[in-house]
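Coordinates in review
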Amino acid sequence: MQIDHLDHVVLTVEHINSTVAFYERLGFVHVLEDDRHALRFGQSKINLHQHGHSFQPAAEHPRPGSGDLCFIVDDGPEAIRAAIASAGIPIEEGPVERSGALGPMTSVYVRDPDQNLLEFSTYQ
């Protein structure tokens, strides 16, 4: 089996509406399909599960705030910082040098409403 890429991940959240509003400020697109909420970006998406009401099958112990996601951005670190600042979102850390799947990258970190860690990175 040759795995090609990641299609989607699932985040368990306390409040779907506040999560959607937060991610839309960062450019994600909210999609509602068959009463299921998702956030699209590029060729991928994040499915949102309301805590206590996960679709099955699901993780054994889904909890809000347990996610740690890295998004690759085409812009440089200063443009990333500026976009986050213009969205009114506090920066947790960065820009800082990190190592990604393809080598060295520069990352900026923020937290979403459930305190999931979001890393916005650009390869050097």
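Going by the structure above, here's the rest.
Presented here is a report on the structure given in the accompanying data block. Since this is a predicted model, take the numbers as computed values, not measurements. (Residues numbered from 1 in each chain as written. Predicted model: local features only at pLDDT ≥ 70, side-chain atom pairs only at ≥ 80, totals over all residues. Heavy atoms only, no water.)

Our next topic: the sheet that holds strand β3 (residues 36–41). The strand order β1-β4-β3-β2 describes an open sheet built from four strands, whose pairing is mixed. Two strands in the sheet have a free side with no partner beyond their single neighbour: β1 (8–13) and β2 (29–33). With strand direction ignored, the average angle separating the axes of adjacent strands in the sheet is 30°. Each of β1, β2, β3 and β4 (44–50) is contacted by helix α1 (residues 16–25), which is oriented at about 155° to β4, the strand it contacts most. (Pairing = 2+ DSSP bridges. Helix = DSSP H or I, 4+ residues; strand = E, 2+ residues; numbered from the N terminus. Axes fitted to C-alpha atoms, helices over the stretch in contact; angles between N-to-C directions. Contact = heavy atoms within 4.5 Å.)

Now for the pattern of salt bridges. Overall, the coordinates contain four salt bridges when judged by the stated rule. With a closest N to O distance of 2.9 Å, E33 and R40 form a salt bridge. A salt bridge links E92 to R111; the shortest N-O distance between them is 3.3 Å. Here E92, found in the loop between α2 (77–86) and β6 (93–100), pairs with R111, found in strand β7 (residues 103–111); they are 19 residues apart in sequence, far enough to count as distant. One network of salt bridges, with partners in common, ties together E33, R40 and K45. (Salt bridge = Lys/Arg side-chain N within 4 Å of Asp/Glu carboxyl O.)

Moving on to the nonpolar core. Counting 20 residues, the largest nonpolar core has Y23, I46, L48, L118 and F120 as its most contacted members. Ranked by the residues each element gives to this core, the list is headed by α1, at four residues. Apart from the residues lying within four places of it in its own chain, the contact partners of L118 are F22, Y23, L69, F71, V108, Y109, V110 and D112. (Core = buried A, V, L, I, M, F, W, Y, C linked by side-chain atoms within 4.5 Å. Buried < 20%, exposed > 50% of the residue type's maximum accessible area, 1.4 Å probe, protein only.)

Our focus in this paragraph is unusual backbone geometry. The phi angle of most residues is negative, glycine excepted, and most peptide bonds adopt the trans form. Here the residue pair Q56 and P57 is connected by a cis peptide bond, since its omega of -5° sits within 30 degrees of zero. In this structure, P57 sits in the loop between β4 and β5 (68–72). Residue P95 follows G94 across a cis peptide bond; omega there is 5°. One can find P95 in strand β6. Although it is not a glycine, D35 sits at a positive phi angle of roughly 65°. On the accessibility criterion, D35 (68% relative accessible area) is exposed. Even without glycine at this site, Q115 takes up a positive phi of about 75°. Summarising the element assignment, Q115 is placed in the loop between β7 and β8 (117–123).

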